Amino acid sequence: MSFAQVLDNLPLKKSPLLRRFEELLAPKSDVALEALGQEAHAVTLKNFGRTMRLFAPLYLSNECINNCSYCGFSRDNPILRVTLTVEQVVAEGRHLAQEGFRHVLLVAGEHPKFVSENYLADCVRALAPEFSSISIEVAPMESEQYAGIVEAGAEGLVVYQETYDREAYAQLHTAGPKRDFNWRLDCAERGYRAGFRRLGIGALFGLRRWQEEALSLAAHVDYLLKHCWQAQITVSLPRLRPAAGEFHPPFSMTERELAQLICALRITFPEVGIVLSTRERAALRDALVPLGITMMSAGSHTEPGGYTGQGTGELHRTVRGRIVAPEFETDEDRSATSQFEISDGRSPAEVAAALREQGIEPVWKDWDTALVSP
Ligand code: SF4
C-alpha cells in the first residue's frame, strides 16, 4: 500500500502506535507536560547520548517556478534572485568549513533551467572534500535523477510535504509543478531507491490545525521506518516565519505546543532524528534541546551568497519567466532575498557554547562516529 493510500485512510484507520501518539498530543496540565518532558529526555539520552549534530544550510539558488503562498521565493514575488556558480558555492562552503561545519544542507528553489540534477551533482562533487555529510533540499526528482547526485557524494535528502491536507495543499500551491501532491509525497521513497541513506521529512506548522498535521507526519514517519528501513529518518517541525509576500498563517502553534509535539515524537519514535532550525528564538531552542532534538542548524543564512556575499554581481528579478536587470529601490539591500527571517542569530560558536553549558557535546561531523568513540 502506498503512503498516499495510508494517508487518505488515516481518519478511518489508525494503528495502535498512532492512537497512542494522538493521546500524547491531547491538552495536558503543566504537571502532565512536565512528566512528558522528563520521559522524552530520558528516551533521548538512552538513544542519542549527550550529543547534538550541527549543520548549516547553504542556499544555492532562490529561483523558483512555483507559487507557494507562504514562501518568499514564490515565482510572482519581485525579489532579488541569483543562482550561484559552482565556484561561488565552493566559496560559501569553505566559509562554513572554516566555522567548523562538516555537515551541509544544499537548498534551492525549483527551477529546472538553473538547478538541474547535473548542476547539483557538480556542487556536491566540489564540496565533498570539505564535508563528511552533504544533504540536499531541492525540487522533487525521479530516482534516476537522484542517482547521479548520490554518486557525486550526497547522502541525505530532505523534502517537506508542507501540509498533508490535500485541500489546504491545493489552495496554498497555486502554480507550478509543486501542485502535484502525490509526486511530492512519494519523494522520500524515490530518493531511498536512488541510494540516499538519510531521509528528512517535515510539515510547515501554521497551515492547518497542528494536531492533525502532526498525526499525518507521524503516519509518514511510521511508513518510512517500515519501507525505507536502511535509512536514518529525521523529522523537522518548522513553524511559519515572516517572509516576502507577507503571508499570514491561518493557524497558530504555540511554543508550549511545539514542545509537546517534540516530546510526543521522541517517545513514539525513540530512534528518529528531530531537527530544530534557527527559525526559533535562541532561548526557546536551548529549552527544547533536552526534549529530543538531535540536529540543529546554527548561524544560518537563507539567501544564496548569504555567508560571503557571493553572487551579488549577478542579481536580477524574474518577471513572467523573463530575467530583468534589477532596478534597486532606495535603501534596498543589494543582496539576494532570503527565504524567511531567522530568529536565532547566534554564531555557530555561540550555539556550540550554549550546548556545552547544558552538558551536550556539539558534533560537527558524523555523530555515528562520535557515539561509538570511547
Ligand atoms: S517553498 Fe520551495 S517550491 Fe515553494 S516557492 Fe518556496 S522555494 Fe519555491
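Residues numbered from 1 in each chain as written. Predicted model: local features only at pLDDT ≥ 70, side-chain atom pairs only at ≥ 80, totals over all residues. Heavy atoms only, no water.

Topic: the overall build of the protein
Each helix and strand in the protein was counted, giving 14 helices and 13 strands. Here the protein has a C-alpha radius of gyration of 20 Å; the compact-globule value for 374 residues is 21 Å, and the two agree. Along the three orthogonal principal directions, the C-alpha set of the protein runs to about 55 × 50 × 40 Å. For the protein, the residues scored as buried account for 55% of the 374 residues in total. Considering only contacts in the protein between residues 6 or more positions apart, those separated by 24 or more positions represent 76%. Split by element, the accessible area of the protein, about 16,000 Å² in all, is 51% carbon and sulfur. Of the charged side chains in the protein, 39 are positive and 49 negative; the average position of the first set lies 4 Å away from that of the second. (Helix = DSSP H or I, 4+ residues; strand = E, 2+ residues; numbered from the N terminus. Rg over C-alpha atoms; globule rule 2.2 N^0.38 Å. Buried < 20%, exposed > 50% of the residue type's maximum accessible area, 1.4 Å probe, protein only. Contact = heavy atoms within 4.5 Å. Areas by Shrake-Rupley, 256 points an atom, 1.4 Å probe, with all protein chains shown as cover. Lys, Arg positive; Asp, Glu negative; His and termini not counted. Charge placed at Lys NZ, Arg CZ, Asp CG, Glu CD.)

Details of the site of the ligand
Surrounding the ligand, one finds Cys64, Asn66, Cys68, Cys71, Phe73, Ser74, Gly109, Lys178 and Gln339. The residue makeup of the shell around the ligand, split by class, is four nonpolar, four polar and one charged. (Near = heavy atom within 4 Å. Nonpolar A, V, L, I, M, F, W, Y, C, P; charged D, E, K, R; others polar.)

Details of helix 6 (residues 143–152)
Along helix 6, the residues that are buried comprise Ser143, Tyr146, Ile149, Val150 and Ala152. Contact partners of the buried residues in helix 6: helix 5 (117–127), strand 4 (133–137), strand 5 (156–158) and helix 9 (187–194). Immediately beyond the C-terminal end of helix 6, within one or two residues, lies Gly153, with a positive phi of roughly 130°.

Considering the pattern of salt bridges
Scanning the model with the defined rule gives 21 salt bridges in all. For the salt bridge of Glu22 with Lys14, the shortest nitrogen-to-oxygen distance reads 3.6 Å. With a closest N to O distance of 3.4 Å, Arg94 and Glu130 form a salt bridge. Here Glu130 lies in the loop between helix 5 and strand 4 and Arg94 lies in helix 4 (residues 86–99), a separation of 36 residues in the sequence. Given a relative accessible area of 46%, Arg94 falls into the partly exposed group. Three or more residues joined by partner-sharing salt bridges are found here, namely Asp165, Arg208, Arg209, Glu212 and Glu213. (Salt bridge = Lys/Arg side-chain N within 4 Å of Asp/Glu carboxyl O.)

Section: the packing of aromatic side chains
Scanning the model with the defined rule gives eight aromatic pairs in all. When the ring of Tyr70 is compared with that of Phe247, the centres are 6.3 Å apart and the planes differ by 75°; the resulting orientation is edge-to-face. Remark: Phe247 occurs in the loop between strand 8 (232–236) and helix 11 (255–268) and Tyr70 occurs in the loop between strand 2 (67–68) and helix 4; sequence separation between them is 177 residues. Between Phe101 and Trp364, the aromatic rings sit 5.3 Å apart at their centres with planes inclined by 70°, giving edge-to-face as the arrangement. Of this pair, Phe101 sits in the loop between helix 4 and strand 3 (103–108) while Trp364 is found in the loop between strand 13 (361–363) and helix 14 (367–372), placing the two residues 263 residues apart along the sequence. Both residues of the pair, Phe101 and Trp364, belong to the buried class. Each residue in the set Phe3, Tyr164 and Tyr223 is aromatic and connected to the rest through ring pairs, giving one cluster. One residue, Arg190, lies across the ring of Trp183, its end atom 3.6 Å from the ring centre. Between Arg279 and the ring centre of Phe340, over which it is positioned, the NZ or CZ distance is 3.8 Å. (Phe/Tyr/Trp six-rings, centres within 6.5 Å; stacked < 30°, edge-to-face > 60°. Lys NZ or Arg CZ within 6 Å of the ring centre and 35° of its normal.)

With respect to the nonpolar core
Ranked by size, the top nonpolar core spans 100 residues in total, and within it Leu106, Leu237 and Leu261 carry the most contacts. Ranked by residues supplied to this core, first place goes to helix 10 (residues 210–227) with nine residues. Beyond its immediate chain neighbours, meaning those up to four positions away, Leu261 contacts Phe21, Leu25, Phe205, Trp210, Ala214, Leu237 and Met253. Judged by nonpolar contacts, the second largest core, of 20 residues, contains Tyr70, Leu172, Leu204 and Met295. (Core = buried A, V, L, I, M, F, W, Y, C linked by side-chain atoms within 4.5 Å.)

As for helix 5
Given 3.6 residues per turn, any residue in an α-helix points the same way as the ones three and four places further on. Within the sequence span of helix 5, burial applies to Tyr119, Leu120, Ala121, Cys123, Val124 and Leu127. Each element contacted by the buried residues of helix 5 is listed here: strand 1 (51–61), helix 4, strand 3, strand 4 and helix 6.

A look at the state of the cysteines
Enumeration over the complete set of coordinates arrives at zero disulfides. Counting only cysteine sulfurs, Cys228 is the nearest neighbor of Cys187, a cysteine outside any disulfide, at a range of 11 Å. Judged by its relative accessible area of 0%, Cys187 is buried. (Disulfide = S-S within 2.5 Å.)

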